[in-house]
Amino acid sequence: MSEVEKASNSAPETVTALLDALNTTDSNGNEALNATAKFVATPEGTALAYGSLVLMALVPIFFGALRSVACSKSKELGEKAYESSIRNTSDMPETITSREAAKFPIIASCTLFGLYLFFKVFSQEYINLLLSAYFFVLGVLALSHTTSPLLSRIFPSSVPNKQYQLLFTQGAGEAKEEIINYEFDTNNLVCLLCSSVVGVWYVLKKHWIANNLFGLAFALNGVELLHLNNVSTGCILLGGLFVYDIFWVFGTNVMVTVAKSFEAPIKLVFPQDLLEKGLDASNFAMLGLGDIVIPGIFIALLLRFDVSLKKNSRTYFCSSFLAYIFGLGLTIFVMHTFKHAQPALLYLVPACVGFPVVVALFKGELTEMFSRCVLPLCVRSREPLIPKCVHLRQ
């Protein structure tokens, strides 16, 4: 799912939950959304744009993977084991099982085609109005969750950090059940306020910097909170999306049409005319969030696998991280050379899976790599808490 695409008019688009429309890669002078005149980027502007996109893609993968290790824990362990480290269920990771991984490309295809038909029937203006409201809420929450740990470190100790709880129940007595139970503090409220300012900026101006702030927050949260239970599941997911991406990009115009129709922060963008026009630049190179999150959760899995081996080595994480850089660079090179949309997973999946597999083959750990379940880790001790692989959902 992906797009490194150029457009003159480009407003950020589609949904993180619909990592589908995030795919395709368009290059210099291919179709511009503003059909008046084609912009020819300078070599310096092109290099700056693509280099910035690569750097922005690496940041959420790297830090999301590190945070996925810290928050890797199972719901089956119960609330007591974690109430000091995770206060809300929304902060707990969701584990993707092999069955879910196999169904995901089919569900994504149905969703993508449904969106395509939706845009053919209904007015794009009203759909994007609803999307703006939807992504305002999602973006504010995602950005707040991303920046909260950072702010907690720099929050002045002289300022009291009061604790709050939002509790909403249904029924009475023994029949009472919790609908909402959310705990937060002053630090969270400050983050929410700052994120709301960014949200208003994005809704009113659709500025590319506001879009990128939301996009980076979505990507980092996705890598942190979406967990694969083992390497086999990761290969099933990436393999299915590999076929999905190629079919919808090369076989039809559905993916490109949906991606261009949505106005939502599901892409990272960087202007190729920044040197000429500054912050008011309007000709963008783009990278879909799907090309970050999907390989990112596999790279994060390999980091947790490294930790589970207890060898004080990050061999598999480093090899997959370097493979991602290689695959993304190859995507940009092919796109720029042939001036044609490219499904980035066509290059990212073989690289991100192939490099670690070759490393495991040389180290004699290939069988262990595919058979071992990545155990939940304790935040404090980094030691496995239970001697089995736990599936959050069956």
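Residues numbered from 1 in each chain as written. Predicted model: local features only at pLDDT ≥ 70, side-chain atom pairs only at ≥ 80, totals over all residues. Heavy atoms only, no water.

> Looking at this structure, how should I read the pattern of salt bridges?
A pair can form between side chains of opposite charge whenever their charged atoms are brought close. For the structure shown, the criterion picks out four salt bridges. A salt bridge links Lys277 to Asp273; the nearest nitrogen and oxygen atoms lie 3.7 Å apart. Lys277 gets classed as partly exposed once you look at its relative accessible area, which sits at 46%. Of the charged contacts, one joins Lys363 and Glu365 as a salt bridge, the two residues approaching to 4.0 Å between their closest N and O atoms. A relative accessible area of 6% means that Glu365 is categorised as buried. (Salt bridge = Lys/Arg side-chain N within 4 Å of Asp/Glu carboxyl O. Buried < 20%, exposed > 50% of the residue type's maximum accessible area, 1.4 Å probe, protein only.)

> Looking at this structure, how should I read the packing of aromatic side chains?
One pair of aromatic rings is described through two measures. These are the centre distance and the angle between the planes. For the coordinates displayed, the defined rule picks out 18 aromatic pairs. In textbook terms, an aromatic cluster arises when at least three aromatic residues are bridged by ring pairs, as seen for Tyr134, Phe135, Tyr202, Phe214 and Phe218. The ring of Tyr202 has Lys206 sitting right over it, with the charged end atom 5.1 Å from the ring centre. (Phe/Tyr/Trp six-rings, centres within 6.5 Å; stacked < 30°, edge-to-face > 60°. Lys NZ or Arg CZ within 6 Å of the ring centre and 35° of its normal.)

> Please explain unusual backbone geometry as it appears in this structure.
In terms of backbone geometry, most residues other than glycine have negative phi values and most peptide bonds are trans. Phi at Lys206 is positive, roughly 50 degrees, even though this residue is not glycine. With respect to the helices, strands and loops of the structure, Lys206 is situated in the loop between helix H4 (186-205) and helix H5 (208-225). A positive phi angle is found at Asn312, which is not glycine, with a value near 50 degrees. One can find Asn312 in the loop between helix H9 (290-309) and helix H10 (315-338). (Helix = DSSP H or I, 4+ residues; strand = E, 2+ residues; numbered from the N terminus.)

> Just to check I follow, could you spell out the packing of H9 against H10 for this structure?
Working note: a packed helix pair is described by the angle between its axes plus the distance between those axes. Contact geometry of H9 with H10 gives a least axis separation of 7 Å together with a crossing angle of 160 degrees. Overall, the two elements H9 and H10 adopt an arrangement that is roughly antiparallel. Once H9 is placed against H10, the crossing between them reads as right-handed. Together, Asp291, Ile292, Pro295, Ile299, Leu302, Leu303, Phe305, Asp306 and Leu309 of H9 and Thr315, Tyr316, Phe317, Ser320, Phe321 and Tyr324 of H10 make up the contact between the two elements. Here the residues of the contact of H9 with H10 sort into 11 nonpolar, two polar and two charged. (Axes fitted to C-alpha atoms, helices over the stretch in contact; angles between N-to-C directions. Parallel < 35°, antiparallel > 145°, perpendicular 65-115°, else oblique. Left-handed = near helix turned anticlockwise from the far one by under 90°. Contact = heavy atoms within 4.5 Å. Nonpolar A, V, L, I, M, F, W, Y, C, P; charged D, E, K, R; others polar.)

> What am I meant to see in the pairing of strand S7 (residues 284-288) here?
Strand residues, when the strand is regular, have side chains that alternate between the two faces of the sheet. Of all the five residues making up S7, five are buried; the element is thus mostly covered by neighbouring parts of the structure. Burial along S7 is two-sided: the face carrying Phe284, Met286 and Gly288 and the face carrying Ala285 and Leu287 are both buried.

> Sorry if this is basic, but what is going on with the side chain of Asn212 here?
As for its position among the elements, Asn212 is in helix H5. Assessed through its relative accessible area of 5%, Asn212 is described here as buried.

> What is the right way to look at the confidence of the model for the protein chain in this model?
Reading fine detail from the predicted coordinates is not recommended where pLDDT is low. The predicted model of the protein chain has a mean per-residue pLDDT of 80, with 79% of residues at 70 or higher. Model confidence for the protein chain, summarised as mean pLDDT per element, is weakest for strand S1 (residues 6-7) at 44 and strongest for H5 at 95. Low pLDDT, under 50, characterises residues 1-37; the predicted model gives this stretch 168 contacts beyond four residues in sequence or across chains. Confidence drops under pLDDT 50 across residues 73-86; counting only partners more than four residues distant or on other chains, this segment forms 28 contacts. (pLDDT = per-residue confidence, 0-100.)

> Would you mind showing me how to read H9 here?
At 3.6 residues per turn, the α-helix brings residues three or four places apart onto the same side. The end-to-end C-alpha distance of H9, which contains 20 residues, comes to 29 Å, matching closely the 28 Å that a straight helix rising 1.5 Å per residue would cover. Along its length, H9 shows its largest kink, about 25 degrees, at Gly296. Among the 20 residues of H9, 20 are classified as buried, and the element is accordingly described as predominantly covered. (Expected span 1.5 Å × (residues − 1). Bend = angle between axes of the 7 residues up to and from the residue.)

> Help me understand the packing of helix H1 (residues 43-70) against H9, please; the structure alone is not making it clear to me.
Relative to each other, H1 and H9 sit at 40 degrees, their axes nearing to 9 Å. The angle between the axes of H1 and H9 places the two elements in the oblique class. Crossing of H1 against H9: the hand is right-handed. Together, Ala57, Pro60, Ile61, Ala65, Leu66, Ser68 and Val69 of H1 and Ile292, Gly296, Ile299, Ala300, Leu303, Arg304 and Val307 of H9 make up the contact between the two elements.

> Just to check I follow, could you spell out the side chain of His207 for this structure?
Of note, His207 is situated in the loop between H4 and H5. Of note is the side chain of His207, whose polar atom sits 3.4 Å from the backbone oxygen of Leu279. Contact partners of His207, with chain neighbours within four places excluded, come to Trp201, Tyr202 and Leu279. (Polar contact = N/O pair within 3.5 Å; in protein donor to acceptor, adjacent residues only side chain to side chain.)

> Can you help me understand a nonpolar patch on the surface in this one?
A cluster of nonpolar side chains, contributed by Leu55, Val59, Phe62, Phe63 and Leu66, occupies part of the molecular surface with about 430 Å² of accessible area. As for its position among the elements, Leu66 is in helix H1. (Patch = residues over 30% accessible without salt bridge, like charges linked within 9 Å, V, L, I, M, F, W, Y side chains within 5 Å. Areas by Shrake-Rupley, 256 points an atom, 1.4 Å probe, with all protein chains shown as cover.)

> Just checking my understanding: could you explain the environment of Leu48 for this structure?
As for its placement among the helices and strands, Leu48 is situated in helix H1. As for Leu48 and Leu275, which are separated by 227 residues in sequence, their C-alpha atoms are 9.1 Å apart. Not counting residues up to four positions away in its chain, the partners in contact with Leu48 are Phe270, Leu274 and Leu275.

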